[in-house]
Amino acid sequence: DVKVTQSSRYLVKRTGEKVFLECVQDMDHENMFWYRQDPGLGLRLIYFSYDVKMKEKGDIPEGYSVSREKKERFSLILESASTNQTSMYLCASSSTGTHRSYEQYFGPGTRLTVT
Amino acid sequence: AQSVTQPDIHITVSEGASLELRCNYSYGATPYLFWYVQSPGQGLQLLLKYFSGDTLVQGIKGFEAEFKRSQSSFNLRKPSVHWSDAAEYFCAVGPSPYSSASKIIFGSGTRLSIRP
């Protein structure tokens, strides 16, 4: 079974803090993704990575950065947390291949509250 | 641009009743289509997928979906729902023609409640 784990289920941070969200997958997947989930908006892609040290902006990258130093680990960084970044953050991974690369496996999510 | 619309925000059905969740997409070519389910407190799980071929697709947990090109739809169905089907359901479409990676676009979700 593919397993995607996220470092925290719940996180509370203060405005202006630097926040790190960690994601680890154990299936040697090339692709990894960070999404933000908000009610009524579905999932919106923040960043994704298709290889170690390779990254590409998604639809809402402002205020976020990412790091992928090892294949199994993909980190999302909030440089200076703001209250409008309070949300559920979901990490996903996928393999390569014409179709398999589109089958994403998700972690349980981190609910981040910024006060 | 690609987009996915799930017109129903919340649906309630009785246990044992049939279910249909609607999904409409906008895409310039033949899309890849997906349904994911998110149970309370959990991440998303892939229910079923369509890439090509037979337009009626079978998935896990007794779900099926039908791709109708003329209606730009990919509705999810189940003949008889169980209380454990209460969850949020997301339709998604890909691929993105503007990216080097395998991006998909998600709809806003439909929350399913089951009436005992």
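The following paragraphs examine the structure supplied in this document. (Residues numbered from 1 in each chain as written. Chains lettered and ligands numbered in written order. Predicted model: local features only at pLDDT ≥ 70, side-chain atom pairs only at ≥ 80, totals over all residues. Heavy atoms only, no water.)

Once that is clear, we can look at the overall build of chain B. The helix and strand inventory of chain B stands at zero helices and 12 strands. Counting only C-alpha atoms and orienting by the principal axes, one finds that chain B spans roughly 45 × 30 × 25 Å. In chain B, buried positions account for 50% of the 116 residues. Counted over contacts in chain B with a minimum sequence separation of 6, partners at least 24 positions apart contribute 55%. Of the roughly 5,400 Å² that chain B leaves accessible, carbon and sulfur atoms contribute 49%. Looking at chain B, you have 10 positive and 8 negative side-chain charges, and the mean spots of the two groups are 5 Å apart. (Helix = DSSP H or I, 4+ residues; strand = E, 2+ residues; numbered from the N terminus. Buried < 20%, exposed > 50% of the residue type's maximum accessible area, 1.4 Å probe, protein only. Contact = heavy atoms within 4.5 Å. Areas by Shrake-Rupley, 256 points an atom, 1.4 Å probe, with all protein chains shown as cover. Lys, Arg positive; Asp, Glu negative; His and termini not counted. Charge placed at Lys NZ, Arg CZ, Asp CG, Glu CD.)

With that settled, consider the packing of aromatic side chains. All names here are of chain B. In the structure shown here, the tally under the stated rule is 15 aromatic pairs over all chains. Measuring from centroid to centroid gives 6.4 Å for Tyr50 and Phe74, while their planes differ by 45°, and the two rings are tilted. Pair noted here: Tyr50 is in strand 6 (residues 44–50) and Phe74 is in strand 9 (residues 73–78), with a separation of 24 residues, a long-range link. When sorted by exposure, Tyr50 lands in the same class as Phe74, which is buried. (Phe/Tyr/Trp six-rings, centres within 6.5 Å; stacked < 30°, edge-to-face > 60°.)

Residue and element names in this part refer to chain B. Along the chain, Tyr27 falls in the loop between strand 4 (24–26) and strand 5 (32–38). Note: C-alpha distance between Tyr27 and Phe74 (47 residues apart in sequence) is 12 Å. Ignoring sequence-local partners within four residues, the contact set of Tyr27 consists of Gln2, Val93, Gly94 and Pro95.

Here the focus is the nonpolar core. Counting 27 residues, the largest nonpolar core has B:Trp35, B:Leu47, B:Leu48, B:Phe74, B:Leu76 and B:Tyr89 as its most contacted members. Counting only elements with at least two residues in this core, the list comes to strand 2 (10–14), strand 3 (19–21), strand 5, strand 6, strand 8 (64–68), strand 9, strand 10 (87–94) and strand 12 (110–115) of chain B. (Core = buried A, V, L, I, M, F, W, Y, C linked by side-chain atoms within 4.5 Å.)

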